[in-house]
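The chain contents come next:
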Amino acid sequence: MSFAPDLTETLARARSDLRMGVPVVLAGPGGAALVLAAETLSAHRLAAAQGLDAEVDLALTARRAETLKARAYDGDVARVAVPAAATRAWVQSVADPKDDLAQPMKGPLRTRRDGDATLHRLALALVKSARLLPAALVVPLAAADAAGFAAAEGLGLIDAAAAAPHLERLSPLSHVVTAQVPLRAAEATRLHIFRPEDGSEEHYAVEIGRPDRAAPVLARLHSACFTGDLLGSLKCDCGPQLNAALGQMGEAGAGILLYLNQEGRGIGLANKMRAYALQDQGFDTVEANHRLGFEDDERDFRLGAEMLRRLGVGQVRLLTNNPAKIARMEESGIAVAERVPLKVGETRFNHHYLATKARKSGHLL
Ligand SMILES: Nc1nc2c(ncn2[C@@H]2O[C@H](COP(=O)(O)OP(=O)(O)OP(=O)(O)O)[C@@H](O)[C@H]2O)c(=O)[nH]1
Ligand SMILES: [Zn+2]
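Residues numbered from 1 in each chain as written. Chains lettered and ligands numbered in written order. Predicted model: local features only at pLDDT ≥ 70, side-chain atom pairs only at ≥ 80, totals over all residues. Heavy atoms only, no water.

1. Focus on the nonpolar core
Of all hydrophobic cores here, the largest spans 30 residues; its most connected members are Leu58, Trp90 and Leu137. The set of elements that each furnish at least two residues to this core consists of strand 2 (31-37), helix 2 (43-50), strand 3 (57-61), helix 3 (62-68), strand 4 (77-81), helix 4 (88-95), strand 5 (135-141) and helix 6 (146-153). Sequence-distant contacts of Trp90, defined by excluding residues within four places in its chain, comprise Val80, Ala81, Val82, Pro83, Lys106 and Leu109. Of all hydrophobic cores here, the second largest spans 23 residues; its members include Leu18, Leu119, Leu122 and Ala160. (Core = buried A, V, L, I, M, F, W, Y, C linked by side-chain atoms within 4.5 Å. Buried < 20%, exposed > 50% of the residue type's maximum accessible area, 1.4 Å probe, protein only. Helix = DSSP H or I, 4+ residues; strand = E, 2+ residues; numbered from the N terminus. Contact = heavy atoms within 4.5 Å.)

2. A few points about the UniProt feature "binding site: GTP" (unreviewed entry) in the protein chain
Annotation from UniProt places "binding site: GTP" (unreviewed entry) at Arg220, Leu221, His222, Ser223, Ala224, Gln241, Glu263, Gly264, Arg265, Thr285, Thr320 and Lys325. Those annotated residues from the list above that line the second largest pocket are Arg220, His222, Ser223, Ala224, Gln241, Glu263, Gly264, Arg265, Thr285, Thr320 and Lys325. In this structure Ala224 touches Asp229, Tyr259, Leu260, Asn261, Gln262, Glu263 and Gly264, once residues within four positions along its chain are discounted. Its place among the elements puts Glu263 in helix 10 (residues 263-266). Assessed through its relative accessible area of 11%, Glu263 is described here as buried. Beyond its immediate stretch of four places on either side in the chain, Glu263 contacts Ala224, Cys225, Phe226, Gly268, Leu269 and Lys272. (UniProt positions renumbered as here; feature names shortened; annotations may be inferred. 1 Å grid on protein atoms, 1.4 Å probe; cavity = no way out; pocket = protein on both sides within 12 Å on 5 of 7 lines; lining within 4 Å.)

3. Considering the coordination of the zinc ion (ligand 2)
Within the protein, Cys225 (SG), Cys236 (SG) and Cys238 (SG) serve as the donor atoms for the zinc ion (ligand 2), at 2.2 Å. Read N to C, the donor residues that coordinate the zinc ion (ligand 2) are spaced as C-x10-C-x1-C. (Donors = N, O, S within 2.8 Å, 3.2 Å for Na, K, Ca; no water.)

4. Some details on the sheet that holds strand 3
With respect to topology, six strands assemble into an open sheet ordered 4-3-5-2-1-6, the strand pairing being mixed. In this open sheet, the two strands that pair with only one neighbour each are strand 4 and strand 6 (156-159). Between one strand and the next, the sheet's axes are offset by a mean angle of 30°, whatever the strand orientation. Pairing geometry for strand 1 (residues 24-28) and strand 6, over four bridges, is parallel. Along strand 6, the bridge assignment pairs Val25 with Leu157. (Pairing = 2+ DSSP bridges. Axes fitted to C-alpha atoms, helices over the stretch in contact; angles between N-to-C directions.)

As structure tokens, then:
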């Protein structure tokens, strides 16, 4: 019997440590490293890392490296050598594109091609899952001392070989509770709450009426949009889509709307606002994600498929304009019998955004 945290719990702690600026230690078969999130890096911890007598790297995604004109020799990852005199401001200006246009000359940046990027890749996966900017300082530690170093400094120690596949999988969900919530759109509505085992945000299923599971269920996978859903932002079409979907389900007397807390196509609200700030500088929604170092869409729709399965739904009539959602459902074993278009909420502020989604992300007009 042990009370010690397991890998899932250790990773959840690591995410909250990184969000606070506390480093973590990754220990792999090929070596070990101290990891600090660039976004939450403090001057004193940078100084301590520079005092370790090791070469400090800044791990970036190849997307971010491309904007910085830095070579990525490791496929999806670039390992930028951090100059000995680098300050916190330097690290953050490489990580964060907000001042790229005002100060285009960050470099020249030297990226490493020798050695191995396994721990850098894992560090990036961790900071991304913490919804931070995808950039992390990686400082090599002697593998034999890694556990001792982590214990002496009170830092989380992560088994890198086990953590990498663990971060790829869909965290098991538990169904926490169901209760009635009469809506304007439909009085006979129940809300189900699902909680991932990995400590990340809960997700919700809004079930209207009693959909017949033997036939395709009218369904929508709605990704959280604080600005559109709650504030009535005119920059996107989320709020009107949410209301229209609930309205259609109400009229039909049955349907399931999954409210997936994957804000900003999975990058989190702070990063979405960074993307909006870049859009204010003239970049479109896809370019903004790339400049930040993200893919266009970082959502994991296996989550939606799993929630539908848990609700006993195997086939849907999916309310969407996004063919990728249909493909992801089919791949995850949910049959999409029909696509039901959802065209609402075009404004003069989101016209360009919707056109970009159609041109670059394959959305159907
Ligand atoms: N990163 C980023 N996310 C955005 C931006 N504008 C809106 N979003 C997010 O995009 C997501 C839109 O979700 P959905 O409406 O479910 O999905 P969709 O891919 O547009 O597909 P359908 O609406 O089903 O056609 C939400 O998570 C929003 O927060 C943006 O400019 N950048
Ligand atoms: Zn939105």
